[in-house]
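Architecture at a glance
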Amino acid sequence: MFRRTLVSLALAFTLGTAGADKVITGAFDQGPGGAAQQFNPLTNTAGFTWLNKIYSTLVLYDVGFKKVSGDLASSWVIADGGKKYTFILRDGVKWHDGSAFTSKDVKFSIELANNPDSGSAFAAKFGNITTIQTPNARTVVLTLSKPNAALLDALTNFMILPAAPLSKIPARDLRTSAWWRTSPVGTGPFRWGRLVPDQYNELTANPTYFRGRPKVDRLVNRYFKEQAAAVLALKSGDIDFTYLTLDDTRSFTGSAVSILSGPSQVANYLGFNNAAPLFKDVRVRQALLHAIDRTTIVKQLYGGGAELANCPVTNARYVPKGVNTYAYDPAKARQLLQAAGWNGNQTVEVMTYYGDQLSKDVLVTIQQMLAQVGFRITPRFVDVPTYNQTTAGSSFSMVYAGIGNGPDPDTLYPSLHSDFIPPNGVNRMKVSVPALNRLFEQGQESAAPAARTKAYQTMCTLVNQQLPWDVLWTAKRFGGASSRLVNFVWTPAPGGGRYNDQAQLWDIK
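Residues numbered from 1 in each chain as written. Predicted model: local features only at pLDDT ≥ 70, side-chain atom pairs only at ≥ 80, totals over all residues. Heavy atoms only, no water.

Comments concerning the overall build of the chain
The following threshold applies: Counting from the N terminus, the helices are DSSP H or I runs at least four residues long and the strands are E runs at least two residues long. We compute the radius of gyration over the C-alpha atoms and compare it with the globule rule, which gives 2.2 Å times the number of residues raised to the power 0.38. Only protein chains enter the calculation, and the probe is 1.4 Å; a residue is then buried if its accessible area is under 20% of its type maximum, exposed if over 50%, and partly exposed in between. Contacts are residue-level and defined by heavy atoms, with any inter-residue pair within 4.5 Å sufficient. A 1.4 Å probe and the Shrake-Rupley method give the accessible areas. Residues count as covered only by the protein chains that appear here. The charge count includes Lys and Arg as positive and Asp and Glu as negative, but it does not include His or the ends of the chains. For this purpose, a charge sits on NZ of Lys, CZ of Arg, CG of Asp or CD of Glu.
Secondary structure summary: the chain contains 18 helices and 19 strands in total. Over its C-alpha atoms the chain spans a radius of gyration of 23 Å, differing by no more than 12% from the 23 Å that the globule rule assigns to 509 residues. In terms of principal-axis extent, the alpha carbons of the chain reach across some 70 × 65 × 40 Å. Per-residue burial for the chain yields a buried fraction of 54% across its 509 residues. When contacts within the chain are restricted to residue pairs at least 6 apart in sequence, long-range pairs at least 24 apart make up 70% of them. Surface summary for the chain: the accessible area is close to 21,100 Å², and the carbon and sulfur share equals 51%. In the chain, 51 side chains carry a positive charge and 36 a negative one; their mean positions are 2 Å apart.

Structural data, given as structure tokens:
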């Protein structure tokens, strides 16, 4: 405790929390939506809550994820049946170095994302953009080879980068360039300050931010190796915000910290290596769902803070009535395994990148329930890089993971369409169902809301029947914010960000 106090005092002095300027300090990259010390928005799959403070996007969702509004774009027009997007950019926007933001920056950013050397996951979203025209400094015209009704949704997470400095760096070198960690330039509300590796990243207020200068002078992102340390720091007042687990929320009393919560927009599932023969028989995948008492897990382990899910879509609009709920029925599970000829003496490794205590408890409980029907598993807890590297290959059998989606099911396209099986993308479970491919393509190409709803509801039904993944539930996620914060906005989102949190209005009492 004495050592921790000394460290806290030293950081408080370094970060100037006792100074005259206003500073908000948080653990903004803590939890599953963070990507601590990863600053390349082209390759990041998380950490957007923090990156949104440095960079801006063309468009953003509102905090309720109901409506898309302009960020760098002041307006847009969709024409030619969804094959032509014309964006009008805000006037007078400046990069942090004082140079003018123009349509050339947008063109550069999208072309860079589509360059395979950049390693950007956005290439899966922008692959059908055939031409990018910039008739003037404030107009960008995207022409697509086929309609893409989900393009605006994709753009809510795509950060626009400065062409002038980055065009000098070869795309293949940009993935790991020092630029991201030493001198990044954005158009967001805060400018790069300094990075002290493994300790903190400090940003300073952007006086020319297009929504107005932030009310606080500095924003600091503290790094913690352990979740418990971040929680202690919030309790002691060393930081103003951090992600919380459900168990963490129960440890707070009084009014010094407000508990923020919302749907995670992440569906947790048991994933199978669909290319391996072990799980070819759908009866095995059905048996696992019947063997797991999901209702009891949600009630006892999640404290009711989760909802059962029967397909990966989290937006209720796209979940049709009548899908199979795979009710808890261990006797039926045993029958299905026996009919499938399952060898009960074999043990299957279940890999996960979740390392929090709740996830460990969940997996141990699932392990016990599956053992009751003659299906043995061994959980394996790994870090995200190990998970990604392993599932990009073929030497794995099962995973326990989460898939983020949200307002538009098109987000699932790269994870379930066979075009994106590694090394071409992030379909890590090697799902290859032609009918599923066609439904995702229909959903993307249909401009009519009714047609899109039908395509995605059919997709949901198909996944529910064929079970390339066994989808389990969607849980709430939590954050804790100091009561001294004013106008602070945070809500769970897969990978963080995507919504207008109005960070320029954040203040402290």
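Brief notes about the pairing of strand β4 (residues 73–79)
Rules: Criterion used throughout: strands pair if DSSP finds at least two bridges between them.
Pairing between β4 and strand β5 (residues 84–89): six bridges, direction antiparallel. Bridging from a neighbouring strand, serine 75 pairs with isoleucine 88 of β5. The turn joining β4 and β5, which pair antiparallel and follow one another in sequence, is formed by four residues; a positive phi near 50° is taken by aspartate 80.

A word on the packing of aromatic side chains
Heads up, the condition is: Two rings belonging to Phe, Tyr or Trp (six-membered ring only in the last case) form a pair when the distance between their centres is within 6.5 Å. Interplanar angles under 30 degrees mark stacking, angles over 60 mark edge-to-face geometry, and anything in between is tilted. Put simply, a charge is over a ring when the Lys NZ or the Arg CZ is close to the ring centre, within 6 Å, and near the line of the ring normal, within 35 degrees.
For the coordinates displayed, the defined rule picks out 30 aromatic pairs. Among the aromatic residues, those joined into a ring-pair cluster are Phe28, Trp50, Phe241, Phe488, Trp490 and Trp506. Above the face of the phenylalanine 252 ring, lysine 235 is positioned so that its terminal group lies 5.2 Å from the ring centre. The cationic tip of lysine 360 hangs over the ring face of phenylalanine 381; the distance from NZ or CZ to the ring centre is 5.8 Å.

Focus: the pattern of salt bridges
For the record, the criterion: Salt bridges are defined by distance alone: a side-chain nitrogen of Lys or Arg within 4 Å of a carboxyl oxygen of Asp or Glu.
The full count for this structure, using the stated rule, is 16 salt bridges. Arginine 498 serves as the salt-bridge partner of aspartate 153, at 2.7 Å between the closest nitrogen and oxygen. Of the two residues, aspartate 153 is situated in helix α5 (residues 151–155) and arginine 498 in the loop between β18 (485–486) and β19 (507–508); the sequence distance between them amounts to 345 residues. Accessibility assignment for this pair places aspartate 153 and arginine 498 in one class, buried. The salt bridge involving glutamate 202 is made with arginine 218; its shortest N-O contact spans 2.8 Å. Residue glutamate 202 is found in strand β9 (residues 200–205), and its partner arginine 218 is found in strand β10 (residues 218–222); the two are separated by 16 residues along the sequence. Exposure remark for arginine 218: the relative accessible area of 11% places this residue in the buried category. Each of the salt bridges in this network shares a partner with another, and the network as a whole consists of Asp21, Arg194, Glu202 and Arg218.

Examining the nonpolar core
Quick reminder of the rule: Nonpolar core, defined: a set of buried Ala, Val, Leu, Ile, Met, Phe, Trp, Tyr and Cys residues in which side-chain atoms within 4.5 Å join the residues together.
Counting residues in each nonpolar core, the largest one holds 68 residues, and the members touching the most others are Leu58, Phe126, Leu142, Leu155 and Phe158. With five residues, the top contributor of residues to this core is helix α3 (residues 103–114). Those residues in contact with leucine 142 that lie beyond four places of it in its chain are Lys83, Lys84, Tyr85, Phe87, Ile110, Ile129, Thr131, Ile132 and Leu151.

Thoughts on helix α13 (residues 330–339)
For the record, the criterion: The reported arc concerns the directions from the helix axis to the C-beta atoms and nothing else.
Buried within α13 are the following residues: Ala333, Leu336 and Leu337. All buried residues of α13 lie within an arc of 95° about the axis, which places them on one face of the element. Of the exposed residues in α13, those oriented more than 90 degrees away from the buried face are Gln335 and Gln338. Count one or two residues on from α13 and you reach glycine 341, which has phi positive near 75°.

Focus: the pairing of strand β15 (residues 376–381)
Quick reminder of the rule: If the strands point away from the viewer and the path from the first strand over the helix to the second runs clockwise, then the crossover is right-handed.
The pairing of strand β14 (residues 347–352) with β15 spans six bridges and is parallel. Each bridged residue has a counterpart across the sheet, and for valine 348 the counterpart in β15 is isoleucine 377. Remark: the β14/helix α14 (residues 357–371)/β15 crossover connection has right-handed handedness.

Some thoughts on the UniProt feature "domain: Solute-binding protein family" (unreviewed entry) in the chain
Here is the rule we go by: UniProt positions are given in the numbering used here, feature names are shortened, and annotations may be inferred rather than shown by experiment.
UniProt tags residues 67–416 as "domain: Solute-binding protein family" (unreviewed entry). Taken as a whole, residues 67–416 contains 29% helix and 26% strand, while its terminal C-alpha atoms sit 25 Å from one another.

Topic: the packing of helix α11 (residues 282–291) against α13
Here is the rule we go by: Note on definitions: angles span 0 to 180 degrees between N-to-C directions of axes, and those axes are lines fitted to C-alpha atoms, for helices only across the stretch in contact. Here the angle decides the label: under 35 degrees means roughly parallel, over 145 means roughly antiparallel, 65 to 115 means roughly perpendicular, and every other value means oblique. When the near helix sits turned anticlockwise from the far one by under a right angle, the crossing is termed left-handed; a clockwise turn instead gives a right-handed crossing. Basically, the charged four are Asp, Glu, Lys and Arg, the nonpolar ten are Ala, Val, Leu, Ile, Met, Phe, Trp, Tyr, Cys and Pro, and anything else, Gly included, counts as polar.
Across the interface, α11 lies against α13 with an axial gap of 8 Å and an inter-helix angle of 160°. Regarding the angle of α11 to α13, the classification is roughly antiparallel. Every pair of crossing elements has a handedness; the one defined by α11 and α13 is left-handed. Packed against α11, whose contacting residues are Arg283, Val284, Gln286, Ala287, His290 and Ala291, the element α13 presents Pro330, Lys332, Ala333, Leu336, Leu337 and Ala339 at the interface. Of the residues assigned to the contact of α11 with α13, the class counts are eight nonpolar, two polar and two charged.

Quick word on helix α18 (residues 449–466)
Put simply, the rule reads: Helix span is expected to be 1.5 Å times the residue number reduced by one.
With 18 residues, α18 should reach 26 Å at 1.5 Å per residue; the first-to-last C-alpha distance of 26 Å fits that figure. All of the buried residues in α18 are Arg452, Thr453, Ala455, Tyr456, Met459, Cys460, Leu462, Val463 and Asn464. Where α18 is buried, its residues contact α17 (434–445). The first or second residue beyond α18 is leucine 467, which carries a positive phi of 50°.

Concerning the packing of α17 against α18
It is the contact of α17 with α18, at a shortest axis distance of 8 Å, that shows an interaxial angle of 155°. In terms of orientation, α17 lies roughly antiparallel with respect to α18. As for the relative orientation of α17 and α18, their crossing is left-handed in sense. In contact with Ala435, Leu436, Leu439, Phe440, Gln442, Gly443 and Gln444 of α17, α18 contributes Arg452, Ala455, Tyr456, Thr458, Met459, Leu462 and Val463. A per-class count over the contact of α17 with α18 returns nine nonpolar, four polar and one charged.

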